[in-house]
Amino acid sequence: MPFLRSLKRYFSIRRPLPAHYKDQLQTSISFYRYLNASQKSRLEKRMSVLLSEKIFEGCGGLTVTDEMKGVISAYAGLLIMEKPSDYYSDLRAILIYPDDYVAPVYQVEVGGVITEGSERRQGESWDSGSVVLSWSDIRESTLNRENNHNLIIHEFAHQLDDQYGLSAGITLQGKPLQTDDWTGELAKIYRDLIEADRFRRREHPLDLYGATNPAECFAVTLEAFIESPRKLQSAYGAAYRLLADFFGYDPGRIWDF
């Protein structure tokens, strides 16, 4: 780690989280009340570093507020609460749109011809060092306890996936290319999602969007780990235990969702 970043992080960790962010944690962040004192302290330190190191930029005319920065850093900090993972070291900027936004889409046709189109998106994670989020969808998913989705968790899952290769050992057909336990369990979930999506089995405990590819499978699995841990544990106990070991905590034992 560069010396200046290391020095800045040293002071960020030791600087108390501003009072308005603490108030937001207590009033708006549903999981915070279930954390014990040491977990709260670690989360607040993770937030302090993220708020200091990452650029929060409004797009599409949006003015970024402390409320937006607080909720994003809280959920991003939750994923690294026990294991900092170098604070998403490749991530530099968090771009926030007021609503769904239009993104360019490129497709390679037969013969190598590249066609360009566009589609509406709620968020995305770029390997060039940015996460893009829609504030209206954050309010609908992250701040709404009824739908079991979390846009922030989903997009920051991609950041961790890029960092650790958590879905890299699985083909688009669901065949594991590695023999470790995690790859085998995630491949099983992915194949189940492909089958559920094919037959439109909406009762599946995970978002069927995870059938898109292994990376999206990991992202929706991590959403369930945070938002509906008991459902994930019931359906995929081995994967749940591996995630609890990787992140250093068991959500099903901490909060009662």
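Procedures and definitions
- Residues numbered from 1 in each chain as written.
- Predicted model: local features only at pLDDT ≥ 70, side-chain atom pairs only at ≥ 80, totals over all residues.
- Heavy atoms only, no water.
- Axes fitted to C-alpha atoms, helices over the stretch in contact; angles between N-to-C directions.
- Helix = DSSP H or I, 4+ residues; strand = E, 2+ residues; numbered from the N terminus.
- Parallel < 35°, antiparallel > 145°, perpendicular 65-115°, else oblique.
- Left-handed = near helix turned anticlockwise from the far one by under 90°.
- Contact = heavy atoms within 4.5 Å.
- Nonpolar A, V, L, I, M, F, W, Y, C, P; charged D, E, K, R; others polar.
- Buried < 20%, exposed > 50% of the residue type's maximum accessible area, 1.4 Å probe, protein only.
- Expected span 1.5 Å × (residues − 1).
- Salt bridge = Lys/Arg side-chain N within 4 Å of Asp/Glu carboxyl O.
- Polar contact = N/O pair within 3.5 Å; in protein donor to acceptor, adjacent residues only side chain to side chain.

A. Structural view of the packing of helix H7 (residues 181–198) against helix H10 (residues 237–247). Direction vectors running N to C along H7 and H10 enclose 130 degrees, while the axes themselves pass 9 Å from each other. In terms of orientation, H7 lies oblique with respect to H10. Helix-helix and strand crossings are classified by hand; for H7 and H10 the assignment is left-handed. Taken together, the residues of H10 that come into contact with H7 (itself represented by Asp181, Trp182, Glu185 and Ile189) are Ala238, Ala239, Leu242 and Leu243. A per-class count over the contact of H7 with H10 returns six nonpolar, no polar and two charged.

B. Structural view of unusual backbone geometry. Even without being a glycine, Tyr87 presents a positive backbone phi close to 55 degrees. In this structure, Tyr87 sits in the loop between helix H4 (66–79) and strand E2 (93–97). Classification of Tyr87 as buried rests on a relative accessible area of 4%. Positive phi is not limited to glycine here, since Tyr88 has a value of about 55 degrees. In this fold, Tyr88 is placed in the loop between H4 and E2.

C. View of helix H3 (residues 37–53). The end-to-end C-alpha separation of H3 is 25 Å, in line with the 24 Å expected for 17 residues at 1.5 Å each. Buried within H3 we find Gln39, Leu43, Glu44, Arg46, Met47, Ser48, Val49, Leu50, Leu51 and Glu53.

D. Summary view of the pattern of salt bridges. Enumeration over the complete set of coordinates arrives at eight salt bridges. Among the salt bridges present, the one from Arg139 reaches Glu67, with a minimum N-O distance of 3.4 Å. One end of the pair, Arg139, is in helix H5 (residues 135–141); the other, Glu67, is in helix H4, and 72 residues separate them in sequence. When its relative accessible area of 44% is taken as the criterion, Arg139 is described as partly exposed. A residue is classified by how much of its surface remains accessible, and Glu67, at 39% relative accessible area, is partly exposed. Between Asp250 and Arg253 there is a salt bridge, with the nearest N and O atoms lying 3.6 Å from each other.

E. Quick look at H7. Taking 1.5 Å as the rise per residue, H7 with 18 residues should run 26 Å; its terminal C-alpha atoms sit 26 Å apart, in good agreement. The complete set of buried residues in H7 reads Trp182, Thr183, Leu186, Ala187, Ile189, Tyr190, Leu193 and Ala196. Measuring from the backbone nitrogen of Trp182 back to the side-chain oxygen at the start of H7 gives 3.3 Å, which picks out Asp180 as the cap. Just past H7, the residue Arg200 takes up positive phi, approximately 55 degrees.

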